[in-house]
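Working through the structure, step by step
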Amino acid sequence: MPETIENVAIRVTVNGQQHSLQVEPRTLLVEMLREQLDLTGTHVGCDTTYCGACTVLLNGAAVKSCTVLAVQADGAEITTVEGLERNGQLHPIQKAFGEAYGLQCGYCTPGIMLSALQLLTKNKKPSEKEIRKAIAGNTCRCTGYQNIFKAIQLAAQNMRGT
Ligand code: FES
Ligand code: FES
């Protein structure tokens, strides 16, 4: 008889909302977000820690949520792309991606926005090199990256108010 694996109770705060959940020990953070909380803006592009489409903030740090177990997020604050908009207002990063044409198919975009948010929270005036480094773990198949850099520069400018 195979042993039954018991679910684990965890508590997480996602985009400011608290949740008490039961997860299997093997449940990935991205599965918990997409399948249990219906936050499907966090994408799965590879499942092998390569593409960065699944990037979210875990206690402020950008992580690839296909590589984090949901149980590891117990007690944590998580930000997904759905948490960027506030009171019906797009976040400056979201606006900048639209204005600077920083996306095409948009599959990579939520992850890149979260990596950009981590950067711009710590560094209000990043150089191009710093922007490139911040999104080095995010792969885009469509844009050639140039407009993504422009979008992050524009977001930085708008967030500084200059
Ligand atoms: S789905 Fe997580 S890195 Fe690709
Ligand atoms: S916009 Fe299509 S993968 Fe980046």
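What this report covers is the structure whose coordinates are included nearby. (Residues numbered from 1 in each chain as written. Chains lettered and ligands numbered in written order. Predicted model: local features only at pLDDT ≥ 70, side-chain atom pairs only at ≥ 80, totals over all residues. Heavy atoms only, no water.)

Take the overall build of the chain next. A count of helices and strands for the chain gives five helices and five strands. A compact globule built from 162 residues would reach a C-alpha radius of gyration of about 15 Å, and the chain, at 16 Å, matches this within 12%. Each of the three principal axes of the chain carries a C-alpha extent, and together these read 60 × 30 × 25 Å. Of the contacts made within the chain by residues no fewer than 6 positions apart, 54% connect residues no fewer than 24 positions apart. For the chain, the computed accessible surface area is about 9100 Å², with 48% contributed by carbon and sulfur atoms. Charge centroids of the chain, computed over 15 positive and 14 negative side chains, lie 15 Å from each other. (Helix = DSSP H or I, 4+ residues; strand = E, 2+ residues; numbered from the N terminus. Rg over C-alpha atoms; globule rule 2.2 N^0.38 Å. Contact = heavy atoms within 4.5 Å. Areas by Shrake-Rupley, 256 points an atom, 1.4 Å probe, with all protein chains shown as cover. Lys, Arg positive; Asp, Glu negative; His and termini not counted. Charge placed at Lys NZ, Arg CZ, Asp CG, Glu CD.)

Our focus in this paragraph is the pattern of salt bridges. For the structure shown, the criterion picks out two salt bridges. The salt bridge involving Arg26 is made with Glu24; its shortest N-O contact spans 2.6 Å. Classification of Arg26 as exposed rests on a relative accessible area of 62%. Two residues, Glu128 and Arg132, come together in a salt bridge whose shortest N-O distance is 2.7 Å. Of this pair, Glu128 and Arg132 both sit in helix α4 (residues 128–134), four residues apart, roughly one helical turn. Residue class for Glu128 comes out partly exposed when judged on its relative accessible area of 33%. According to the relative accessible area criterion, Arg132 is partly exposed, its value standing at 40%. (Salt bridge = Lys/Arg side-chain N within 4 Å of Asp/Glu carboxyl O. Buried < 20%, exposed > 50% of the residue type's maximum accessible area, 1.4 Å probe, protein only.)

What follows covers the sheet that holds strand β5 (residues 77–79). The strand order across the open sheet formed by five strands is β2-β1-β5-β3-β4, and the pairing between neighbours is mixed. Strand pairing shows two members of the sheet lacking a second neighbour, β2 (17–23) and β4 (61–64), which therefore form its edges. Between one strand axis and the next, the sheet turns by 40 degrees as a mean value, whatever way the strands run. Running over the sheet, helix α1 (residues 29–36) touches β1 (8–14), β2, β3 (55–58) and β5 and is turned about 110 degrees from β2. Together, β3, β4 and β5 form the strand contacts of helix α3 (residues 109–122), whose direction differs from that of β3 by roughly 35 degrees. (Pairing = 2+ DSSP bridges. Axes fitted to C-alpha atoms, helices over the stretch in contact; angles between N-to-C directions.)

Core analysis: the biggest nonpolar cluster contains 24 residues, and Ile93, Phe97, Ile112, Leu120, Ile148 and Ile152 have the highest contact counts within it. Broken down by secondary-structure element, the contributors of at least two residues to this core are α2 (92–99), α3 and α5 (146–160). When residues in this core are grouped by element, the largest group, seven residues, is from α3. Within the second largest apolar cluster, 18 residues are counted, among which are Val12, Leu29, Met32 and Ala70. (Core = buried A, V, L, I, M, F, W, Y, C linked by side-chain atoms within 4.5 Å.)

Turning to the packing of α2 against α5, a few remarks are in order. Relative orientation of the contacting elements α2 and α5 amounts to 135 degrees, with a least axis distance of 8 Å. Between α2 and α5, the interaxial angle falls into the category oblique. Seen from above, α2 lies across α5 with right-handed handedness. On α5, the residues that touch Pro92, Ile93, Ala96, Phe97 and Glu99 of α2 are Ile148, Ala151, Ile152, Leu154, Ala155, Asn158 and Met159. Looking at side-chain class alone, the contact of α2 with α5 contains ten nonpolar, one polar and one charged residues. (Parallel < 35°, antiparallel > 145°, perpendicular 65-115°, else oblique. Left-handed = near helix turned anticlockwise from the far one by under 90°. Nonpolar A, V, L, I, M, F, W, Y, C, P; charged D, E, K, R; others polar.)

Two faces, one strand: in a regular strand the side chains alternate between the faces of the sheet. Here seven bridges tie β1 to β2, and the two strands are oriented antiparallel to one another. Bridging across to β2, Thr13 finds its partner in Gln18. In textbook terms, the turn of a hairpin is the stretch between consecutive antiparallel strands, and for β1 and β2 this stretch comprises two residues, one of which, Asn15, has a positive phi near 50 degrees.

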